[in-house]
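Summary of the model geometry
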Amino acid sequence: MLRSGRRRARGRGAEGGVSESEQLLFGGPLRYDMGWNQHTDAFLELNFRAMVTRLPALLGASCRLAWQADRRAARVVLAAEAGRGVAQAVSLLAMNSVLGRLIGGGAIEDRLRGAVPVLAALAAVSLVGALLRAASTWATGRLEPKVERVATELYLERAAAVELAAIEDHAFHKLLDTAQYGAGSARRMISYATRVVSALISLIAAASVLTVLHPVLLPLLATMTLPTAWSALTNARRRYESWHNWVQHVRASHLISGLLTEPDAAPEIRVHGVGPFLLRHYRAMAETAETEQARLARLAARTGVIASAWTGLATVATYATLAGLLLAGAMALSVAGTAVIAIRTGSSSLDNLVVAVNSLHEDALFVGDLQRLYAEAAERAIPLGGDPLPEDPREIRFENVTFRYPGESARPALDDITLTIPLGRIVALVGENGSGKTTLVKLLAGLYKPEGGRILWDEVDTATADRYQLAERVAMVAQDFKRWPFTARVNVAIGRSSAPLTEDRMAASLDEAGAGEVVGDLPRGLDTLLARQFSGGHELSGGQWQRLGIARAAYRRGRILVVDEPTAALDARAELEVFEKIRALASTGQTVILITHRLASVRHADLVHVLDQGRLAETGTPDELLARGGIYAELYSLQAEQFTAPVPAPEAG
């Protein structure tokens with residue numbers, strides 16, 4: 001059945017529909033409906049009038065990016081391009097003078113002698129133009145990488161500062177996907193803007209000369225280039241629409257190709273023979289995308305033929321008009337020669353202008369995505385300031401707290417929870433999978449806001465509290481904590497990256513977590529790179545990583561330590577050692593919130609909250625809950641039976 005997917009995928013892809021791979025792997029089509037997009041009514045209506053209307057705004061945006069990145073280089077570019085335009089106008093006028101002298105009456109020696117000074121001036125102007133071009137190229141080369149860096153830094157800064165709910169929101173993540181290309185587009189806008197200014201000034205120079213020579217030549221010049229403008233803008237609109245529509249499909253294809261080379265997936269790919277399966281579906285996804293690219297190429301070819309035919313007719317009309325003016329005696333031969341040069345120069349400049357403006361406009365769309373991300377990220381950023389938390393709080397209270405993950409209409413993850421977490425104690429959260437334990441501590445840490453109810457630190461509501469101060473109080477060892485691809489030293493110190501990195505603090509953290517032996521066994525100790533994808537990198541076992549994660553939390557020195565399944569990857573001896581370390585932390589007055597399925601591990605907890613399907617089911621000490629005979633006692637008995645039940649004898653024969 002899975003093998004037949006390739007054949008059906010290819011067939012549907014050829015029709016531009018949904019491939020079987022999309023349906024099987026991702027549950028449906030990987031297309032974005034352009035209806036939501038702001039560009040539908042604004043940016044995608046690309047036409048010549050829109051291009052001319054928006055040109056000042058586009059140039060202004062490019063200038064602001066350049067000015068922000070490097071003012072000196074921006075000044076050089078503007079001055080050099082303006083100088084090149086003036087040089088080109090002078091060159092055309094000088095050429096007219098040279099032709100007039102050479103075609104005029106008199107001996108050929110006198111005509112050549114009279115043209116020498118003008119030719120010398122023309123050579124000098126050409127030299128100046130070459131030097132100005134070099135200056136512009138140098139300054140543009142300085143500007144482009146700086147603009148990209150500034151735009152990327154701002155993108156990353158805004159993305160890192162938003163609420164967790166924004167990162168998990170589909171629409172916002174789609175904006176992150178599209179906006180990441182805005183920095184590269186911002187870089188290219190500098191080059192395109194330079195070309196626009198150069199072509200525009202050159203066009204003005206050629207148009208001015210043509211107007212002086214004969215007014216009828218200027219509109220003919222415009223008609224020669226209108227087809228190029230229409231063709232470029234039409235194709236730009238199609239490409240941009242297609243790019244937005246297919247961005248998720250492309251991301252999915254990259255995901256599949258990345259899985260084939262990902263170290264974490266490599267063992268299962270080889271043992272289960274997953275490689276051919278993934279490769280088959282990568283091919284099907286790629287073939288579907290190729291169909292879209294072929295469609296764009298077919299439309300671009302058709303548009304190009306139409307534009308070329310139109311340009312050819314306009315060119316014939318222009319030169320026929322020029323010939324008519326000559327035959328009618330309305331134009332001298334020298335002027336006609338200059339007009340031909342000016343028309344060719346002007347036509348080339350106008351073509352370059354249209355193409356450059358089109359490219360500038362197209363990249364501006366992606367920069368617009370980036371700017372929308374800046375704006376939306378600012379709106380969804382973690383708020384600054386707020387009420388200060390108590391310096392030495394007694395307890396954290398959840399009062400009728402309800403929370404539902406965004407986009408989920410099923411039952412709430414937490415449903416009208418009311419409980420108290422006394423500080424300076426060991427508090428265990430117990431319950432089956434999906435009971436809401438991890439969600440509760442994420443709300444406690446300020447990663448989410450309650451849908452209803454309040455979370456109070458003594459009498460301070462976290463809804464109005466300083467969120468950054470709240471985060472400062474919490475250290476967390478999540479079940480799926482991040483294994484940073486850096487050195488072991490950084491993997492520990494990143495727990496409090498704003499603090500000075502000291503050896504005393506590092507040693508104390510490793511000791512508190514029992515991770516000293518893990519570091520001691522590494523080839524370069526704390527300076528060992530924990531990333532196998534780099535030369536000299538080293539990999540840790542799950543248990544070793546878990547100890548390092550606990551050391552990271554210890555390095556943070558938060559008032560509240562949240563540990564989610566801290567011993568899941570440890571053997572029995574190591575598990576006992578870790579819990580001894582956790583109890584030692586609690587004895588110093590630190591609050592420990594422990595989430596675990598191993599109920600024998602919570603026997604030293606001061607308080608246990610039992611959650612069941614998002615609701616608080618029981619609260620009490622371990623002994624009280626065992627005596628009560630509720631959910632906790634039932635789960636405890638089930639786990640105990642696994643160790644006490646006799647092993648059945650194997651059947652004979």
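As a reminder, the structure under discussion sits directly above these lines.
A few points on the structure. (Residues numbered from 1 in each chain as written. Predicted model: local features only at pLDDT ≥ 70, side-chain atom pairs only at ≥ 80, totals over all residues. Heavy atoms only, no water.)

**Quick notes on the overall build of the chain**
Helices and strands together make up the secondary structure of the chain, namely 21 helices and ten strands. By the burial criterion, 45% of the 653 residues in the chain qualify as buried. Carbon and sulfur atoms make up 58% of the accessible area of the chain, which totals about 32700 Å². (Helix = DSSP H or I, 4+ residues; strand = E, 2+ residues; numbered from the N terminus. Buried < 20%, exposed > 50% of the residue type's maximum accessible area, 1.4 Å probe, protein only. Areas by Shrake-Rupley, 256 points an atom, 1.4 Å probe, with all protein chains shown as cover.)

**Observations concerning the layout of surface pockets**
What the largest pocket holds in volume is close to 1300 Å³. Lining the largest pocket are 34 residues, with Ala445, Leu447, Ala471, Met476 and Arg556 positioned closest to its centre. When residues of the lining of the largest pocket are traced back to their parent elements, those giving at least two are helix H13 (437-444), helix H14 (467-472), strand E6 (474-477) and helix H18 (542-556). For the lining of the largest pocket, the residue count by class is 19 nonpolar, five polar and ten charged. There is about 520 Å³ of room inside the second largest pocket. What lines the second largest pocket is a set of 24 residues, and nearest its centre among them are Glu81, Arg84, Gln88, Arg133 and Ser198. In terms of residues, the lining of the second largest pocket owes the most to one element, helix H5 (residues 108-160), which gives eight residues. Of the residues assigned to the lining of the second largest pocket, the class counts are four nonpolar, 16 polar and four charged. (1 Å grid on protein atoms, 1.4 Å probe; cavity = no way out; pocket = protein on both sides within 12 Å on 5 of 7 lines; lining within 4 Å. Points joined across faces, edges and corners; volume = space filled by probe spheres on them. Nonpolar A, V, L, I, M, F, W, Y, C, P; charged D, E, K, R; others polar.)

**Brief notes about the pattern of salt bridges**
Here the structure, examined in full by the defined rule, presents 24 salt bridges. Residue Asp415 is joined to Arg615 by a salt bridge in which the shortest nitrogen-to-oxygen separation is 2.9 Å. Of this pair, Asp415 sits in strand E2 (residues 414-422) while Arg615 is found in strand E10 (residues 615-620), placing the two residues 200 residues apart along the sequence. Using a relative accessible area of 44% as the deciding quantity, one classes Arg615 as partly exposed. (Salt bridge = Lys/Arg side-chain N within 4 Å of Asp/Glu carboxyl O.)

**Re the sheet that holds strand E8 (residues 591-595)**
Taken in spatial order, the six strands of this open sheet run E6-E7-E8-E3-E9-E10, and their pairing is mixed. Each end of this open sheet is capped by a strand with a single partner; those strands are E6 and E10. Each strand of the sheet is rotated relative to its neighbour by a mean of 20°, with strand direction disregarded. With four bridges joining them, strand E3 (residues 426-430) and E8 adopt parallel strand pairing. Note that in E8 the partner of Leu429 across the bridge is Ile595. On top of the sheet, H13 reaches E3, E6, strand E7 (560-564), E8 and strand E9 (607-612); it is set at about 150° to E8, its chief contact. Along the sheet, H18 contacts E6 and E7; its crossing angle with E6, the most-contacted strand, is approximately 175°. (Pairing = 2+ DSSP bridges. Axes fitted to C-alpha atoms, helices over the stretch in contact; angles between N-to-C directions. Contact = heavy atoms within 4.5 Å.)

**What about the packing of aromatic side chains?**
On inspection of all chains with the given rule, the structure shows five aromatic pairs. Measuring from ring centre to ring centre gives 4.9 Å for Phe403 and Tyr448, while their planes differ by 35°; the resulting arrangement is tilted. With Phe403 in strand E1 (residues 395-403) and Tyr448 in the loop between H13 and strand E4 (452-457), this pair connects stretches of sequence that are 45 residues apart. Residue classification places Phe403 among the buried positions, given a relative accessible area of 4%. A residue is classified by how much of its surface remains accessible, and Tyr448, at 5% relative accessible area, is buried. Measuring from ring centre to ring centre gives 5.5 Å for Tyr405 and Tyr448, while their planes differ by 90°; the resulting arrangement is edge-to-face. Taken together, the residues span a long stretch of sequence, with Tyr405 in the loop between E1 and E2 and Tyr448 in the loop between H13 and E4 at a distance of 43 residues. Aromatic ring contacts, followed pair by pair, group Phe403, Tyr405 and Tyr448 into a single cluster. (Phe/Tyr/Trp six-rings, centres within 6.5 Å; stacked < 30°, edge-to-face > 60°.)

**A short note on a nonpolar patch on the surface**
A grouping of Leu24, Leu25, Phe26 and Leu255 is seen on the molecular surface, where their side chains present a nonpolar patch of about 310 Å² in accessible area. Ranked by the residues each element gives to the nonpolar patch, the list is headed by helix H2 (residues 20-26), at three residues. Relative to the helices and strands, Leu25 resides in helix H2. (Patch = residues over 30% accessible without salt bridge, like charges linked within 9 Å, V, L, I, M, F, W, Y side chains within 5 Å.)

**As for the sheet that holds E2**
In a beta sheet, neighbouring strands are held together by backbone hydrogen bonds and run either parallel or antiparallel to one another. On the basis of which strands lie adjacent, the open sheet formed by four strands has the order E2-E1-E4-E5 and antiparallel pairing. With partners counted over all chains shown, the strands left at the sheet margins are E2 and strand E5 (460-461), one partner each. Along the sheet, H13 makes contact with E1, E2 and E4, crossing E1 at roughly 120°.

**A closer look at the nonpolar core**
Leu143, Tyr155, Phe172, Val196, Leu360 and Leu373 are the most contacted members of the largest nonpolar core, which totals 49 residues. Put simply, the parts of the chain that give this core at least two residues each are helix H3 (48-69), helix H4 (71-103), H5, helix H7 (170-179), helix H8 (182-213), helix H9 (217-261), helix H11 (274-327) and helix H12 (333-379). By size, the runner-up hydrophobic cluster in this structure holds 40 residues, among which are Ala428, Met506, Ala513 and Val602. (Core = buried A, V, L, I, M, F, W, Y, C linked by side-chain atoms within 4.5 Å.)

**Points about H9**
Taking 1.5 Å of rise per residue, the 45 residues of H9 would be expected to cover 66 Å, and the 62 Å separating its terminal C-alpha atoms lies within 8% of that figure. Its axis deflected by about 50° at Trp246, H9 carries its strongest bend there. (Expected span 1.5 Å × (residues − 1). Bend = angle between axes of the 7 residues up to and from the residue.)

**Structural notes on empty space enclosed by the protein**
Within the structure shown, the criterion is met by one cavity of 30 Å³ or more. Looking at the largest cavity, its volume works out to about 50 Å³. In terms of residue count, the dominant contributor to the lining of the largest cavity is helix H19 (residues 572-587) (three residues). A breakdown of the residues in the lining of the largest cavity according to their chemical character gives six nonpolar, two polar and one charged.

**Remarks on the packing of H9 against H11**
In the contact formed by H9 and H11, the axes pass within 9 Å of each other and the chain directions differ by 175°. Relative to H11, the element H9 lies roughly antiparallel. For the contact of H9 with H11, the per-class residue count stands at 25 nonpolar, 18 polar and three charged. (Parallel < 35°, antiparallel > 145°, perpendicular 65-115°, else oblique.)

**Re unusual backbone geometry**
The phi angle at Asp416 is positive, at roughly 55°, despite the residue not being glycine. We classify Asp416 as partly exposed; its relative accessible area is 39%. The residue Arg557 is not glycine, and still its phi comes out positive at about 55°. Within the secondary structure, Arg557 sits in the loop between H18 and E7.

**Quick look at the environment of Ile343**
Mapped onto the elements of the fold, Ile343 is located in helix H12. Taking the C-alpha atoms as reference points, Ile343 and Tyr319, separated by 24 residues in sequence, lie 9.4 Å from one another. If we skip the residues at most four places from it in the chain, Ile343 touches Leu210, Leu217, Leu221, Met224, Thr318 and Tyr319.

**A closer look at the packing of H7 against H9**
Relative to each other, H7 and H9 sit at 95°, their axes nearing to 11 Å. Between H7 and H9, the angle falls in the class roughly perpendicular. Counting all contacts with H7, which are made through His170, Lys174, Asp177 and Thr178, the residues of H9 involved are Trp243, His244, Val247, Gln248 and Arg251.

**Quick word on the environment of Gly424**
On the secondary structure map, Gly424 appears in the loop between E2 and E3. Separated by 30 residues in the primary sequence, Gly424 and Arg394 place their C-alpha atoms 8.2 Å from one another.

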